[in-house]
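Here is how the chains run, residue by residue.
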Amino acid sequence: SSSTRSTPPPSTASKPSSSARDPYHGPGQAMGLSFSVPEGIKIPSSLQNIFKELHKDLGCTIPSHGNLERWAVQGILMLNTVLTVREHQANSHAKKGWEQFTDAVIKTVSQKKSGLVFILWGNSAQAKIRLIDETKHHILKSAHPSGLSANRGFFGCRHFSQTNQILERLGLSTIDWQL
């Protein structure tokens, strides 16, 4: 059985967009936003590392939950490359068609908007650069925040403060990253 919930895209695309590989594959974890888990679900290590970087970058308090919907309502599109997964089987729905769909989403957003901040963590997210018009958008990239690669460039990337600096320069409201 596949576990996924869909979340409608934000009404504004003038904010950051982040991309991850596939949803969490544990029971009750997936909620339609990359890296996010419902309140009451144990915070996965990748998200714990995101919170550590956020604390170091902006001084945000590390939350007791992993629900990132507060970021989504501020206009952040958190998109996995693959949108469903079989329980307990990471990447089980890779190469079954989701990639073409999510590529089309990224390409369309890139074509129809300008001044977006794309935050690409990890190799699979960075492979999407080919879909983004770099003359119209800002791209921030680093290693993935997983426990295996966070020390190879994710920690210290300061993408949260960099995003807000870019938004400020564009005359847009910044993101309140505190959950």
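Conventions adopted
Residues numbered from 1 in each chain as written. Predicted model: local features only at pLDDT ≥ 70, side-chain atom pairs only at ≥ 80, totals over all residues. Heavy atoms only, no water. Helix = DSSP H or I, 4+ residues; strand = E, 2+ residues; numbered from the N terminus. Buried < 20%, exposed > 50% of the residue type's maximum accessible area, 1.4 Å probe, protein only. Areas by Shrake-Rupley, 256 points an atom, 1.4 Å probe, with all protein chains shown as cover. Phe/Tyr/Trp six-rings, centres within 6.5 Å; stacked < 30°, edge-to-face > 60°. Expected span 1.5 Å × (residues − 1). Contact = heavy atoms within 4.5 Å. Salt bridge = Lys/Arg side-chain N within 4 Å of Asp/Glu carboxyl O. Axes fitted to C-alpha atoms, helices over the stretch in contact; angles between N-to-C directions. Parallel < 35°, antiparallel > 145°, perpendicular 65-115°, else oblique. Nonpolar A, V, L, I, M, F, W, Y, C, P; charged D, E, K, R; others polar. Core = buried A, V, L, I, M, F, W, Y, C linked by side-chain atoms within 4.5 Å.

Q: What's the story with the overall build of the protein in this structure? I'm lost.
A: A count of helical and extended segments in the protein gives five helices and four strands. Going residue by residue from the N terminus, the α and β elements of the protein occur as β-α-α-β-α-β-α-β-α. Across the 179 residues of the protein, 49% fall into the buried class. When the accessible surface of the protein is totalled, it reaches about 9,000 Å², and 51% of it is carbon and sulfur.

Q: Sorry, what's going on with the packing of aromatic side chains here?
A: Each pair of aromatic rings is reported with the distance of its centres and the angle of its planes. Within the structure shown, the criterion is met by eight aromatic pairs. Connected via pairs of aromatic rings, a cluster forms that spans Phe35, Trp71, Trp121, Phe154, Phe155, Phe160 and Trp177.

Q: Mind showing me how you'd approach helix H1 (residues 45–58) here?
A: Helical periodicity: at 3.6 residues per turn, an α-helix aligns residues three or four positions apart in one direction. Between its terminal C-alpha atoms H1 stretches 20 Å, which fits the 20 Å expected from 14 residues at 1.5 Å a residue. All buried positions along H1 are accounted for by Ser46, Leu47, Asn49, Ile50, Phe51, Glu53, Leu54 and Asp57. Among the structural elements, helix H2 (69–72), strand S3 (117–121) and helix H5 (159–169) are those in contact with the buried residues of H1. Directly beyond the C-terminal end of H1, a positive phi value near 80° is found at Gly59.

Q: Before we go on, may I ask you to explain the pattern of salt bridges in this structure?
A: Side chains carrying opposite charge are able to pair once their charged atoms draw close together. Inspection of the entire model under this criterion finds four salt bridges. One salt bridge connects Asp103 with Lys128, and the closest N-O pair in it is separated by 2.4 Å. Here the residue Asp103 occupies a position in helix H3 (residues 98–112), and Lys128 occupies one in the loop between helix H4 (123–126) and strand S4 (138–142), the gap between them amounting to 25 residues. Within the structure, one salt-bridge network assembled from shared partners comprises Asp103, Lys128 and Arg130.

Q: What am I meant to see in the packing of H1 against H5 here?
A: For any two helices packed against each other, one specifies the inter-axial angle together with the distance between the axes. Following both chains from N to C, one finds H1 and H5 inclined at 60°, their axes separated by 8 Å at the closest point. The angle between H1 and H5 falls in the class oblique. Contact residues: Ile50, Glu53, Leu54, Asp57 and Leu58 in H1; His159, Phe160, Ser161 and Asn164 in H5. When its residues are assigned to classes, the contact of H1 with H5 shows four nonpolar, three polar and two charged.

Q: Got a minute to help me understand unusual backbone geometry in this structure?
A: Keep in mind that most residues, glycine aside, have a negative phi and that most peptide bonds are trans. Residues other than glycine seldom take positive phi values, yet Phe35 does so here, at roughly 75°. Position of Phe35 relative to the elements: it lies in the loop between strand S1 (17–20) and H1. Owing to a relative accessible area of 7%, Phe35 belongs among the buried residues under this scheme. The phi torsion at Asn91 lies on the positive side, around 65°, for a residue other than glycine. Looking at the secondary structure, you find Asn91 in the loop between strand S2 (77–80) and H3.

Q: Would you mind going over the nonpolar core with me for this structure?
A: The tendency in soluble globular proteins is for nonpolar side chains to be buried side by side. Residues Leu47, Ile50, Trp71 and Trp177 are the most contacted members of the largest nonpolar core, which totals 27 residues. Mapped by element, the contributors of at least two residues to this core are H1, H2, S3 and H5. Sort the elements by how many residues they give to this core and H1 lands first, with four residues. Aside from chain neighbours lying at most four places away, what touches Trp71 is Ile50, Leu54, Ile76, Met78, Phe160, Asp176, Trp177 and Leu179. Ranked by size, the runner-up nonpolar core spans nine residues in total, among them Ile106, Leu116, Ala125 and Ile132.

Q: Looking at this structure, I do not really get H5. What am I missing?
A: For H5, every residue scored as buried is listed here: His159, Phe160, Ser161, Thr163, Asn164, Ile166 and Leu167. Along its buried surface, H5 packs onto H1, H2, S3 and S4. Note on H5: the residue one or two positions beyond its end, Gly171, has a positive phi of about 75°.

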